[in-house]
Amino acid sequence: MNSLQIALRVLKVDRRTRTSAILTAVGVAVATGLVLLLATLPFATQHREQRALWQGDHFYSRDDGPAKLMFAESKDYFDGKQIIRVDVALAPGATTAGVQLPAGVPQLPGPGETVVSPALGRLLQGNSAAQLGDRFGKPVGALGDDALRFPEQLVALTGHTPDAMPESASPVAAFPSGKASADPLLMLLSWVGIIVLLVPSLVLVASSARLTAARRERRLAALRLAGATPGQVTNMVAAETTLSAGIGALLGLLLSPALRGLASFVPWAGGTWQAADFALPVGLTVFVVVAIPVLVVLAGVLGLRRVLKNPLFATGGHTKKPLRWWRLLALPAAGLFFLYAVTTASDSGGITMVMAGLFLLVGSAAIVGPWVTSAVGGTFVRIWRRPSSLLAGRRLRDDPKSAYRASAGIVLAVFAGSMALTLLPTFESMAGGGRSFQDSVLYVDTDTQHAGKIVDQANGSLQKYGQSEKAVAVGEVYLVQGEGRERSGQRALVMTCADAVKLTRFGLPPESCTGGPAVFSDSALDLASYKIAADWEGPAVAPKSGTRVETVHYPDEDLSRTLVIDPAAVPAGVTPERVTVVAPTTDANREIVRTALAGPAAGEEIGSRDQYLFNQQTELGDLRRVTVIGLIAAGILAGCSAAVATAGSVMDRRRTFGALMAAGTPVRVLSRALRMEAALPALVATIGAGIVGVLVGVGLYSMVDPRGIVVSPWLLAPVVLGVGVALLGASVCTPALKRVQAEPLAEE
Amino acid sequence: MDPNTPQWTNGPVLSGRGLVKRYGAQYALAGIDIDIQPKDAVAIVGPSGSGKTSLLHVLAGILRADDGQIFLAGQRIDHLGEKKRSELRRTEFGFVFQSGMLVAELSAEENVALPSLLAGLGRKEAIDAGRQWLSRLGLAGKERRRPGELSGGEAQRVAIARALTHRPKVIFADEPTGALDTRTGRDTMDALLGAAHETGAAVIVVTHDRELAESMPKTVAIRDGLIATRLAA
């Protein structure tokens, strides 16, 4: 009988071995499925970006031959949603036939025409032309999926004549093409995810294997005593584990399309995914499907070293060495290293040191965790009042390593989650701010040449749409001192005091507008020592005489280096080169005003606080989402591990518990003791990991901003998760005990 | 009143009448009548599969009989629900199993105290009582040892102490010496019977060990689910 035949026979006759094998296979399947999914993420973002490559202006080459197109890319916004806008015009002399269209783009729109994505098409149908449609032109076609970053992406490919193209347009030989790269943030997160989710998956595998560990070790010891060589025993275990791990890996492979399907609904960078995005190269798929079971088999074989060393151990028993106090030093040592790395990172640019510190901290948990588990157990043993505390305390004290191991997965997840949840609300509080204009204002940066036309046309449109708001041009000049390299000074917005009161965040009081032309500043200013220049290095002219200086306390420190200067105070000969066209809006007419600006400023980005915040908010939303999903997934896996470990611990002591129940001990009393035993390590580990995670989050945040963190209720999430995991783990106590109770007392 | 109902004045402490236990079509007990008197020490013997362990489990209320009646101190107990039977086992009966079946993580004194603790007694009282019983059974100085640090005989004496600590009316012992050598087995049985006599408890021992059975005051031999012989020493 060879090793495989023995393994199959054991599986056939022993129900517990079968249960363990099934659970091991499930653990391996989950691990394989998760790794296969997480490994696809970089490829998925690459697929997305590849489809959207034509939408960006980073990937075209001017050296590909004579210019056939004028091309400009910008971002528009509607009702908080981003629209990618691509403006094109045929270059003089070029024909449509000479332009190769990107995949999914059905035609090149002519002047006044637009080809839109299906989602934008639906928006155009559901809103008035003044709200949205007038920004683009007449829709003449729909973009296919191959031309979209994600299915619900809002994209408009709008045609123009060359002279109607925005100032930022470039002459190009073809639409942008090339090879897109993966999203680096998602790549980093996928690695973090692999570690954070793989560890609890493997703990689940280990817990499942432990269900029969004692029985298997006895069997193998008996085989060794009967003359089996260490090699033969190793082969038997390898065959047994390969069987369940191999089936598990194949199940994981079958499971992965379902996981990918689910993942395609999770938004990232503004939208969901196409199912085909999550394609993994065959070589990598094979590697994952082979590597995970190999690791599991390796772990199983390594776990045999006691039987291999001494076949009698199983009958003779063995004593466990107490854990040494020095283990406790690992955490402060890693903490000090991390602190040093964080405090010196800004000077030395040592982000590698910070990452190393982070890894050391995570690693130190594996050294400190068992000691803390043992210490908690010891405390319970000293102070117990109920047998449940005594049993739980003794169990933790006796085998802290395995008690901690069951919680290792959740420790890692909670650590990473707490760190992220500490940083996210704090980063969120930093979001905002931005330009000098009020949040409700829309603005377009342009030059003097285009500004007049934009203002006139926008105001014409606003009048046509029945709006009372008016767009104004705000120039930019500099108040400077000294010349050449010695020149210093401040930027000033050229606008009337009344407009500044209405449109800016400077907080100018209306009463400051009386008394003639003025320069408004946050601090006292000796105007006589300043000159005014159109650009930083250009010629400077003294301000008009009679210009007064009005000192106003700005409400926001970020604005302190910007001044406001009345147009009447700007001397002749100084014509601002950079101009911003600014228009006030209300919540009701914001999109109409945007449309009015978008027509004349086609292809130029219309700025607003919404736009300024869009990327920040999208990124923070993505991070928050993946953190919560990761924590929940890790929590469920860790909960399953805890449940399997608890069931294993009941099964290990089935005879003792059976005897206690036979002697009249109620199931609920034993169940209470076991629930505490199962829940305690998870709770302690979770809270500990949560605290360290928050502290590390604070440390990392201090690198970016010396102000304190924002305390958010999200910080309690890990504790809630820990309680959930503990409850899940403990939930199997009563059914497991009832099963033991139902079995004949003497069975083993 | 049922004329078969034994009266508890000075009658048997535990009685079984017409006890039947089936496993499928197989009869483990085929209608057994048995009386156990106070302070009795009865050995139940018989070949493997004869029904002796089933009889012990049915009398103790661990298994429910398919037919027949059981009386404890004159009160019928076979019709009680699992909750009441558990309470009865916890308060009126004591159990000694093969290999002790002690909780490996707990010390000897904690193992002895465990039933009292689970019944709600305070830590100090339960541990003190446990220590006294260990001392009476010759285990003074070994109270803090774990089961793994005790010999087989010592572990069985801890189990005996655990069975006696709440002063039960009947002690059930299932192969208590099965894992011990002859001498240690004899010592253990002496300890059990001595302690039981001291507390007034009756002892029912299921055993394969002919020598042990012969040393007991009464022996009941079971075969094919029926009592084959009753011998009194």
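The shown structure was predicted, so the numbers you read here are calculated from the model rather than taken from an experiment. (Residues numbered from 1 in each chain as written. Chains lettered and ligands numbered in written order. Predicted model: local features only at pLDDT ≥ 70, side-chain atom pairs only at ≥ 80, totals over all residues.)

Describing the overall build of chain A
Working step 1: Looking only at helices and strands, one finds 21 helices and 16 strands in chain A.
Working step 2: Residues counted as buried form 47% of the 748 residues belonging to chain A.
Working step 3: Within chain A, counting contacts between residues at least 6 apart in sequence, those at least 24 apart form 82% of the total. (Helix = DSSP H or I, 4+ residues; strand = E, 2+ residues; numbered from the N terminus. Buried ≥ 20, exposed ≤ 12 C-beta atoms within 10 Å, placed from the backbone. Contact = placed C-beta atoms within 7 Å.)

Side note on the overall build of chain B
Working step 1: Each helix and strand counted, chain B has seven helices and ten strands in total.
Working step 2: Looking at the 233 residues of chain B, the share that counts as buried comes to 50%.
Working step 3: In chain B, once contacts between residues fewer than 6 apart in sequence are set aside, the share between residues at least 24 apart is 70%.

Things to note about the pairing of strand β7 (residues 170-174) of chain B
Residues and elements named next belong to chain B.
Working step 1: In terms of burial, β7 is a largely internal element, five of the five residues being buried.
Working step 2: Sheet analysis places strand β6 (residues 93-97) next to β7, joined by five bridges and oriented parallel. Residue pairing for β7: Phe-93 is matched across the bridge by Val-170.
Working step 3: The sheet contact formed by β7 and strand β8 (residues 202-206) spans five bridges and is parallel. What sits directly across from Ala-173, in β8, is Val-205.
Working step 4: Between the parallel pair β7 and β8, the chain is carried across by helix α6 (residues 182-199), and the sense of this crossover is right-handed. (Pairing = 2+ DSSP bridges. Right-handed = clockwise from strand over helix to strand, strands pointing away.)

Here's the deal with the pairing of strand β4 (residues 138-142) of chain A
All names here are of chain A.
Working step 1: Bridge count between strand β3 (residues 113-116) and β4: four bridges; the pairing is parallel. Each bridged residue has a counterpart across the sheet, and for Thr-114 the counterpart in β4 is Pro-139.
Working step 2: Considered for its hand, the β-α-β crossover made up of β3, helix α3 (residues 118-126) and β4 is right-handed.

Quick notes on the confidence of the model for chain A
Residue and element names in this part refer to chain A.
Working step 1: Averaged over every residue, the pLDDT of chain A is 81; the share at 70 or more is 90%.
Working step 2: Helix α9 (residues 313-316) is the least confidently modelled element of chain A, averaging 44 in pLDDT, while β3 averages 94, the highest of any element.
Working step 3: Overall, residues 313-318 carries pLDDT values under 50, and its contacts beyond four positions in sequence, including any with other chains, amount to nine contacts. (pLDDT = per-residue confidence, 0-100.)

Structural notes on the environment of Phe-337 of chain A
Residues and elements named next belong to chain A.
Working step 1: Within the secondary structure layout, Phe-337 lies in helix α10 (residues 330-348).
Working step 2: What makes Phe-337 partly exposed here is the crowd of 18 C-beta atoms within 10 Å.
Working step 3: Separated by 19 residues in the primary sequence, Phe-337 and Ala-356 have C-alpha atoms spaced 8.8 Å apart.

Describing unusual backbone geometry
Working step 1: One non-glycine residue, Asp-79 of chain A, lies in positive phi territory at about 55°.
Working step 2: By the secondary structure assignment, Asp-79 of chain A is in the loop between β1 (69-78) and β2 (81-90).
Working step 3: Backbone geometry places Glu-175 of chain B, a non-glycine residue, at a positive phi of 50°.
Working step 4: Tracing the backbone through its elements, the reader meets Glu-175 of chain B in the loop between β7 and α6.

A few points about the sheet that holds strand β4 (residues 67-72) of chain B
All names here are of chain B.
Working step 1: Spatially, the four strands line up as an open sheet ordered β2-β1-β4-β5, and their pairing is antiparallel. Each of the sheet's edge strands pairs with one partner strand only, and the pair in question is β2 (26-36) and β5 (75-76).
Working step 2: Note: strand β1 (residues 14-23) against β2, eight bridges, orientation antiparallel. Note on β2: the bridge partner recorded for Tyr-23 is Gln-26.

Some remarks on helix α20 (residues 717-730) of chain A
Working step 1: A rise of 1.5 Å per residue sets the reference length of α20 of chain A, with its 14 residues, at 20 Å; its end C-alpha atoms lie 20 Å apart and thus fit the reference within 8%.
Working step 2: Those residues of α20 of chain A that fall on the buried side of the exposure criterion are Ala-717, Pro-718, Leu-721, Gly-722, Val-725, Ala-726, Leu-728, Gly-729 and Ala-730 of chain A. (Expected span 1.5 Å × (residues − 1).)

Considerations on the packing of helix α5 (residues 152-164) of chain B against α6 of chain B
Residue and element names in this part refer to chain B.
Working step 1: One way to put it is that α5 packs onto α6 with a least axis distance of 10 Å and a crossing angle of 15°. With respect to α6, the axis of α5 lies roughly parallel. In this structure, the crossing between α5 and α6 has a hand that is right-handed. Counted together, Gly-152, Gly-153, Gln-156, Arg-157, Ile-160 and Leu-164 of α5 and Thr-184, Asp-187, Thr-188, Ala-191, Leu-192, Ala-195 and Thr-199 of α6 form the full contact between these two elements. (Axes fitted to C-alpha atoms, helices over the stretch in contact; angles between N-to-C directions. Parallel < 35°, antiparallel > 145°, perpendicular 65-115°, else oblique. Left-handed = near helix turned anticlockwise from the far one by under 90°.)

Some remarks on the sheet that holds β1 of chain A
Residues and elements named next belong to chain A.
Working step 1: The mixed open sheet is built from six strands, whose spatial order is β4-β3-β5-β2-β1-β6. With one partner strand each, in any of the chains shown, β4 and β6 (170-172) form the two edges of the open sheet. If you compare each strand with its neighbour and ignore which way they point, the axes differ by 30° on average.
Working step 2: As paired elements, β3 and strand β5 (residues 154-159) share three bridges and run antiparallel to each other. Across the sheet, residue Thr-114 finds its bridge partner in β5, namely Thr-158.

Details of the confidence of the model for chain B
If pLDDT is low for a region, its predicted coordinates should not be looked at in detail.
Working step 1: For chain B, per-residue confidence averages 85 on the pLDDT scale, and 93% of positions sit at 70 or higher.
Working step 2: Reported confidence for the predicted complex is 0.76 by ipTM and 0.68 by pTM.

Some words on the packing of helix α3 (residues 108-118) of chain B against α5 of chain B
The geometry of a pair of packed helices is captured by two quantities: the angle between their axes and the separation between those axes.
All names here are of chain B.
Working step 1: Taken N-terminus to C-terminus, the directions of α3 and α5 make an angle of 30°; their axes are 7 Å apart at the nearest point. Our classification of the angle between α3 and α5 gives roughly parallel. The way α3 lies across α5 gives a crossing that is right-handed. Counted together, Ala-108, Asn-111, Val-112, Leu-114 and Pro-115 of α3 and Val-158, Ala-161 and Arg-162 of α5 form the full contact between these two elements.

Looking at α3 of chain B
Residue and element names in this part refer to chain B.
Working step 1: Within α3, eleven of the eleven residues are buried, leaving the element largely enclosed by the surrounding structure.
Working step 2: Among the residues of α3, Ala-108, Glu-109, Glu-110, Asn-111, Val-112, Ala-113, Leu-114, Pro-115, Ser-116, Leu-117 and Leu-118 are the ones counted as buried.
Working step 3: Gly-120 sits one or two positions beyond α3 and adopts a positive phi of about 105°.

Some details on the nonpolar core
Working step 1: Phe-415 of chain A together with Ile-44, Ile-160, Val-170, Leu-192, Val-203 and Ile-204 of chain B are the most contacted members of the largest nonpolar core, which has 224 residues in total.
Working step 2: Per element, the largest residue contribution to this core is 17 residues, and it comes from helix α19 (residues 667-704) of chain A.
Working step 3: When residues no more than four places from it in sequence are discounted, the contact partners of Phe-415 of chain A are Val-362, Ala-365, Ala-689, Val-692 and Gly-693 of chain A.
Working step 4: Counting 51 residues, the second-largest nonpolar core is a separate cluster that includes Ile-454, Ala-473, Phe-520 and Ala-583 of chain A. (Core = buried A, V, L, I, M, F, W, Y, C linked by C-beta atoms within 7 Å.)

A short note on the environment of Arg-216 of chain A
Residues and elements named next belong to chain A.
Working step 1: Checked against the element boundaries, Arg-216 lands in helix α5 (residues 213-225).
Working step 2: On the basis of neighbour count, Arg-216 is assigned to the buried category, with 25 C-beta atoms found within 10 Å.
Working step 3: Taking the C-alpha atoms as reference, Arg-216 lies 9.1 Å from Val-237; in sequence the two are 21 residues apart.

A word on the environment of Ala-221 of chain B
All names here are of chain B.
Working step 1: By the secondary structure assignment, Ala-221 is in strand β9 (residues 218-223).
Working step 2: Counting along the chain gives 177 residues from Ala-221 to Ile-44, while the straight-line C-alpha distance between them is 5.8 Å.
Working step 3: In this structure Ala-221 touches Val-45, Gly-46, Ala-228 and Thr-229, once residues within four positions along its chain are discounted.

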